[in-house]
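# What the coordinates show
What follows is the residue order along each chain.
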Amino acid sequence: MAFMFTALIPSSTGNTHTLPPVVAQLEQFPDINSLIKHSAERGALPDAVLLVVDQGEQAVAACHCLSEAALLERLPLVVIGPDDNAARLAALDAGAWDYLSPPRDGVEARLQRWLQPKIGASTGAGKAEDVERLSRLIEAQARIVSTKLDLESLMQLVVDEVQTLTGADGAVVELAEGDEMVYRSANGDAAGSIGVRLKIQSSLSGLCVRLGEVLKCDDSELDPRVDRAASRRVGLRSMVCTPLRHSGEVVGVLKIIGRQPHAFDALDLKSLTIMGDIVASALYHEAVLEERRALLSDKEAALSQLNRSNERLRSLISSAPIAMCARDEAGRIILWNAAAERLLGYEAADVEGLSETFMPPEDEPAFKQLIESQQVGLPTEPLRTRMKKQDGATVDVSITAAPFPELDGQSGSINLILDIGEQLRLDMERKQLRSRLEQQVADRTASLEETTQKLETIFEQTGVGLALVGTDGRWLQVNQRLCDIVGYPKEELLELTFQNITHEDDLEIDLAQATKLFAGEITSYSMDKRYIRKDGSVVWISLTGSLHRDSNGQIIEAIAAIQDISERKRAQDAEHLFHRALLPPLTA
């Protein structure tokens, strides 16, 4: 079998420190014997053999030929062949030093880079390259420092700059999270690996973090620190990792990768190290800020969900254990609950209809701004102030505002007034923003959870049957009193509809009224009707149904109040029978 061999023979004349175009340095031979004969005449073997093939199998056969001639270990064989990963792996397994595929691998540039150390250190041209690289490094640093980007954008800018500076096939920022290294940003050949997690104990990046020093892999086929099989799968042959430090702690690595062995030189290591030092602090601070934003966002989302749940129970505000004050659009007090009376000492009859805020004059503009912001849907923060009590003393409070769609026919806002005397003294000792925000959210969440729990207790313990009913008649929520009236356990009742237990003689009238209610034609209705209990007995009840709408005015369910009037009905029947018994004599 004939092959086209190209020997990379060192120049014997002229300036060996100047690297001319690669093709100009190559001599071609038709077969192995010609190559060996020429080498014998010259008295030296070439530095390497460049083999150009059309099929991957030819590279494997050539490796076998060189091996039989005892030349394979002495002559590095570089193959230029088709872009076929199977052929690439087969050639490498057979002993090839490298396998290049134009145009993907940039053969000319790769050979230039590989030949550079073979012909000596650079002189004037190399120094010029050093100056140019330093200039580009300074420009990259200026771009990074001048930008105000979020964490992901900042890391992407870093890897893009590093890849440009070093000519790598890919660059990666990996951050340490627990016992794993996480690909947070990547480009080039590593672009599809964002989010990949590797164990610190089993990766070169993890070793870099543990040792806190720059690590270089010149050839993944020979380096025992690298997973050879994994490197082959992604076509990786060389890499460099530099630690990212902040305040003495290694928080991650900046890594460059190459498809070819020996892809990176000392200048690349120097550039990578400097870039790592430049960005490490910025990455760490941005990561901490991102974590704080995520924590606050999660807590605000939980608080918002809790507020929406409380909308169903706003009809019980008057008996809530937290001080609440409802105001109309003009700022006049229209509701002052018992908890507010206990906190400030003013009776509801004395303050309803007033616009008094009971706070220092200097805080009234902030309170007005709080109300106006919530009315137009802007985000608001609780107002901390001191309120004057009826006995002349003052109390430290936190006031929050939320829109109240309708109360006694009037729109306005509901204010929650929390006694924060002790909390305020604790908050004053905490100067950092994160601590203040977490304490504030925690206190608000705890208070609202307590409110929800107590209001749910009131819902359950009232002497009247209460229920939330869906537009299809399903029982959505029922209290124990209703279960006692109809004789069903709560779990079974929630599987039924009100139609299932309504007496057939009353169902038509009840459905007609419910249809009008859910259509918005009426706002409420009342009627006496009969339910069929689980044991088959009949119970007379008095039903009052009203609508429950969401914040957009959409009907979502009905509120049903149900009283057992069986005793009243029996008394009425007895009275009727009594009058009927008396009627004949009286008529006579």
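Residues numbered from 1 in each chain as written. Predicted model: local features only at pLDDT ≥ 70, side-chain atom pairs only at ≥ 80, totals over all residues. Heavy atoms only, no water.

### What about the overall build of the protein?
- When helices and strands are tallied, the protein shows 19 helices and 21 strands.
- Within the protein, buried positions represent 42% of all 588 residues.
- Put simply, 52% of the contacts in the protein that link residues at least 6 apart link residues at least 24 apart.
- Accessible surface, the protein: about 31000 Å² in total, of which carbon and sulfur atoms supply 52%. (Helix = DSSP H or I, 4+ residues; strand = E, 2+ residues; numbered from the N terminus. Buried < 20%, exposed > 50% of the residue type's maximum accessible area, 1.4 Å probe, protein only. Contact = heavy atoms within 4.5 Å. Areas by Shrake-Rupley, 256 points an atom, 1.4 Å probe, with all protein chains shown as cover.)

### Regarding empty space enclosed by the protein
- Applying the stated criterion to the full structure yields 6 cavities of 30 Å³ or more.
- Here the largest cavity is characterised by a volume of approximately 130 Å³.
- Looking at the largest cavity, it is lined by 14 residues, and the ones nearest its centre are Val-469, Phe-498, Tyr-525, Leu-543 and Ala-560.
- Residue assignment for the lining of the largest cavity shows that the elements contributing at least two residues are helix H18 (504–518), strand S19 (524–532), strand S20 (538–549) and strand S21 (555–564).
- Here the element with the most residues in the lining of the largest cavity is H18; it accounts for 4 residues. (1 Å grid on protein atoms, 1.4 Å probe; cavity = no way out; pocket = protein on both sides within 12 Å on 5 of 7 lines; lining within 4 Å. Points joined across faces, edges and corners; volume = space filled by probe spheres on them.)

### Remarks on the side chain of Ser-238
- On the secondary structure map, Ser-238 appears in strand S10 (residues 238–246).
- For Ser-238, a relative accessible area of 1% corresponds to the buried category.
- Of note is the side chain of Ser-238, whose polar atom sits 2.5 Å from the backbone oxygen of Gln-260.
- The residues touching Ser-238, leaving out its near neighbours within four places in the chain, are Cys-217, Asp-218, Ile-256, Ile-257, Gly-258, Gln-260, Pro-261, His-262, Ala-263 and Phe-264. (Polar contact = N/O pair within 3.5 Å; in protein donor to acceptor, adjacent residues only side chain to side chain.)

### Quick word on the sheet that holds S19
- Spatially, 5 strands are ordered S18-S17-S21-S20-S19 in an open sheet, and the strand pairing comes out antiparallel. Only two strands of the sheet have a single partner each, and these edge strands are strand S18 (475–478) and S19. Going across the sheet, the axis of each strand differs from the next one's by a mean of 30°, ignoring polarity.
- As paired elements, S20 and S21 share 9 bridges and run antiparallel to each other. Bridging from a neighbouring strand, Gly-545 pairs with Ala-560 of S21.
- Those strands touched by H18 are strand S17 (465–469), S19, S20 and S21, and its axis lies near 150° from that of S19. (Pairing = 2+ DSSP bridges. Axes fitted to C-alpha atoms, helices over the stretch in contact; angles between N-to-C directions.)

### Focus: helix H2 (residues 56–68)
- The terminal C-alpha atoms of H2 lie 19 Å apart, and with 13 residues this matches the ideal 18 Å at 1.5 Å per residue to within 8%.
- Among the residues of H2, Gly-56, Ala-59, Ala-62, Cys-63 and Leu-66 are the ones counted as buried. What you see down the axis of H2 is that its buried residues fit within an arc of 110°, all on one side. Residues of H2 that are exposed and point over 90 degrees away from its buried face: Glu-57 and Glu-68. (Expected span 1.5 Å × (residues − 1). Arc of directions from axis to C-beta.)

### Here's the deal with the pattern of salt bridges
- Evaluated as defined, the whole model comprises 24 salt bridges.
- With a shortest N-O distance of 3.4 Å, Asp-169 and Arg-259 are connected by a salt bridge. One end of the pair, Asp-169, is in the loop between helix H6 (151–166) and strand S6 (170–177); the other, Arg-259, is in the loop between strand S11 (249–258) and helix H9 (266–311), with 90 residues separating them in the sequence. Just as Asp-169 is buried, Arg-259 falls in that class too.
- Asp-328 is paired through a salt bridge with Arg-332; the nearest N and O atoms lie 3.2 Å apart.
- Taken together, the salt bridges that share partners define one network made up of Glu-177, Asp-179, Glu-180, Arg-184, Arg-197 and Lys-199. (Salt bridge = Lys/Arg side-chain N within 4 Å of Asp/Glu carboxyl O.)

### Considerations on unusual backbone geometry
- In this structure, His-262 is a non-glycine residue whose phi angle is positive, near 55°.
- Within the secondary structure, His-262 is located in the loop between S11 and H9.
- Here His-262 falls in the partly exposed class, since its relative accessible area comes to 41%.
- Positive phi outside glycine occurs at Phe-358, with the angle close to 60°.

### Here's the deal with the nonpolar core
- In this structure, Trp-475, Leu-482, Val-486, Leu-493, Ile-501, Tyr-531 and Ile-562 are the most contacted members of the largest nonpolar core, which totals 26 residues.
- Of all the elements in the fold, those that place two or more residues in this core are S17, S18, helix H15 (480–486), helix H17 (498–501), H18, S19, S20 and S21.
- Residues contacting Val-486, with those up to four places away along its chain left out, are Leu-493, Ile-501, Tyr-531, Arg-533 and Lys-534.
- If you look at the next biggest cluster of nonpolar residues, it comprises 25 residues, including Leu-151, Leu-157, Leu-244 and Ile-256. (Core = buried A, V, L, I, M, F, W, Y, C linked by side-chain atoms within 4.5 Å.)

### Some remarks on helix H1 (residues 32–42)
- Taken residue by residue, H1 has Ile-32, Leu-35, His-38 and Ser-39 as its buried positions. Along the long axis of H1, the arc covered by the buried residues comes to 130°, so they all point the same way. Counted as exposed and oriented over 90 degrees from the buried face of H1: Asn-33, Lys-37, Ala-40 and Glu-41.

### A look at the confidence of the model for the protein
- Predicted confidence across the protein gives a mean pLDDT of 80, with 81% of residues reaching 70 or more.
- Considering only residues more than four positions removed or in separate chains, one finds that residues 8–20, a stretch of pLDDT under 50, has 30 contacts.
- Every residue in residues 117–125 is under pLDDT 50, and counting partners more than four places away or in other chains gives 10 contacts. (pLDDT = per-residue confidence, 0-100.)

### Looking at the pairing of strand S13 (residues 333–336)
- Sheet topology note: the strand S12 (residues 323–328)/S13 ladder contains 3 bridges and is antiparallel. Note that in S13 the partner of Cys-325 across the bridge is Trp-336.
- Here S12 folds back onto S13 in antiparallel fashion, the turn holding 4 residues, of which Gly-331 has a positive phi close to 90°.

### Observations regarding the environment of Leu-448
- In this structure, Leu-448 sits in helix H14 (residues 433–461).
- It is 9.8 Å that separates the C-alpha atoms of Leu-448 and Leu-416, two residues lying 32 residues apart in sequence.

### Section: the environment of Cys-63
- In this structure, Cys-63 sits in helix H2.
- Since its relative accessible area comes to 0%, Cys-63 is described here as buried.
- Measuring from C-alpha to C-alpha, the distance between Cys-63 and Ala-91 comes to 7.8 Å, with 28 residues separating the pair along the chain.

### What to know about the sheet that holds S10
- One open sheet accounts for 6 strands, arranged S8-S7-S6-S11-S10-S9; its pairing is antiparallel. On the outer flanks of this sheet lie strand S8 (197–199) and strand S9 (215–217), each paired with one strand and no other. Taking the axes of each pair of neighbouring strands and ignoring which way they run, one obtains an average angle of 25° across the sheet.
- As paired strands, S10 and S11 are joined by 9 bridges and run antiparallel to one another. Within S11, the residue paired with Met-239 across the bridge is Ile-257.

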